[in-house]
Structure formats: C-alpha cells, structure tokens
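Chain by chain, the residues:
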Amino acid sequence: MRARFSRALQDAGIDASVPQALYVGNMMSGMLSQQQHLGPLLANAAGLENVEAATIEACCGAGGAALRWGYMAIMSGIYHTVVVAGAEQMTHTDTPRATQGLATASHWETEGSQGATFVSLNGILMDLYMKQYGVRHEDFAPFALTAHSNALTAGERARARARAPGALAPRAATEARAPETVWLSLIHISEPTRLGMI
C-alpha cells in the first residue's frame, strides 16, 4: 500500500509529507471484509501521518464523491493538497454475498429484500428505455463489447505490472474484441440483460 501511494505521489510530483488529508471512496468493505474506517487505515498504511482521513460511502459513486470532497477541501481553502483514493474488493467473497452487498444500494424494503439485484434492476431500466425510445437490443452491443475490451486491457496491464513493476503491456495486444454475434447469443438473465463469458 505504501508503495502504491508513493508511486501516485511521485507521479503527481508531490512529497509524501505534503498531503493534508486523505479521502477514500468505498461502499462495501464493512459488509464484505468486516473492515470499516478505511480512511485512517489506509493513511497509516501509506505513511500519511497526522492527516485528516475519512471514508466516503455513496454506493457506486463513492469514488466520485471522495473526489468531490477533495475538490471542496481545496477550493474552500481548508487544504492545499489532498489525496483521493477509491477502493473496493469483491473477488475474495462468493457471488451471492457480493450480489447481496451491492443490492443494499437499492431501496432495501421494496427491492433488495424482495430478491432484486442490480442486474435485475438495470434490466428493468434497460427494458423501459428500449420501449420508450424504440431502441433495439443489438444497439447496446457496442457498449458491452467496449466494456469487455477495456476489462481485458486493464487486466493485461495489471498482469504486466505484476510481472515487471512500471511496465505496461502494449495496448494493441490487449484489444481483442468479442464478435457481436457472440454478444447477441448470450443467456438472458433478466430481460433484456444478458450474461455470458466472452
């Protein structure tokens, strides 16, 4: 953790003794890892001593909300330099637990507690959008294919950094795109959304 913060500060040209605050965006660490209070925890791990440290929770917008807090702290004149981070880990737990954790961002009484997930809720929204604006299902293919390509690129870059810190994989080698015909044949899980391994 300390090395990651150090690299980020070096990239920004900032000495580690300069930041006056750390704002961390996170939604589910308490639910999935039994670890709340990430701001101070990460500040200590990063070697940021005697700084204000807070965790900002705003569901899927937690990272953006943390960035806003940092912006407001600087623009108000309270601080000159802040560190903003976003952190979320879901791969260490099983899918049902992560899905239920994500569903706590819904209106729990009427949605999450009734079995709704963000996939099903987004499927309902997508269906309404398609009906209202006359959009075909296949018109969404470019969004899914681009997200898939970006995920492959990010994953390959992360693996390259793990092999040789500081090294980046050539972008062209990681931009494999799934054919649109594959995307259109994926399993329907909550009409009109689809699931599959591309």
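It should be noted that the structure appears before, not after, this text.
Bear in mind the structure is a predicted one, so any value in this text is a computation, not a measurement.

Conventions adopted
- Residues numbered from 1 in each chain as written.
- Predicted model: local features only at pLDDT ≥ 70, side-chain atom pairs only at ≥ 80, totals over all residues.
- Heavy atoms only, no water.
- Pairing = 2+ DSSP bridges.
- Helix = DSSP H or I, 4+ residues; strand = E, 2+ residues; numbered from the N terminus.
- Axes fitted to C-alpha atoms, helices over the stretch in contact; angles between N-to-C directions.
- Phe/Tyr/Trp six-rings, centres within 6.5 Å; stacked < 30°, edge-to-face > 60°.
- Buried < 20%, exposed > 50% of the residue type's maximum accessible area, 1.4 Å probe, protein only.
- Salt bridge = Lys/Arg side-chain N within 4 Å of Asp/Glu carboxyl O.
- Contact = heavy atoms within 4.5 Å.

Observations regarding the sheet that holds strand β2 (residues 52-56)
So, step 1. In space, the three strands of this open sheet follow the order β2-β1-β3, with parallel pairing throughout. Across the chains shown, the open sheet's two edge strands, defined by having one partner strand only, are β2 and β3 (82-86). Adjacent strand axes in the sheet meet at a mean angle of 15 degrees when their direction is disregarded.
So, step 2. Strand direction decides the pairing type here: strand β1 (residues 21-25) and β2, joined by five bridges, are parallel. Directly across from A21, in β2, lies its bridge partner E52.

As for the packing of aromatic side chains
So, step 1. Applying the stated criterion across every chain yields a total of four aromatic pairs.
So, step 2. The interplanar angle of 50 degrees and the centroid separation of 6.4 Å between the aromatic rings of F140 and F143 together place this pair among those described as tilted.
So, step 3. Residue classification places F140 among the buried positions, given a relative accessible area of 18%.
So, step 4. Residue classification places F143 among the exposed positions, given a relative accessible area of 60%.
So, step 5. Following the ring pairs from residue to residue traces out a cluster consisting of Y129, Y133, F140 and F143.

Remarks on the pattern of salt bridges
Pairing is possible between side chains of opposite charge, provided their charged atoms come close.
So, step 1. Scanning the entire structure with this criterion turns up three salt bridges.
So, step 2. Put simply, K131 and D127 hold a salt bridge, and the shortest N to O gap is 3.0 Å. Of this pair, K131 and D127 both sit in helix α6 (residues 118-133), four residues apart, roughly one helical turn.
So, step 3. Of the residues examined, D127 reaches a relative accessible area of 21% and is grouped as partly exposed.
So, step 4. Of the charged contacts in the structure, one is a salt bridge between R136 and E138, with a shortest N-O distance of 3.1 Å.
So, step 5. For E138, a relative accessible area of 30% puts it in the partly exposed group.
So, step 6. Here the salt bridges share partners, and the residues they tie into one network are R136, E138 and D139.

Details of the side chain of S106
So, step 1. Tracing the sequence through the fold places S106 in the loop between α5 (95-103) and α6.
So, step 2. Taking the relative accessible area as the measure of exposure, S106 reaches 12% and is therefore buried.
So, step 3. Excluding anything up to four places from it in sequence, S106 contacts E111, G112, F118 and L121.

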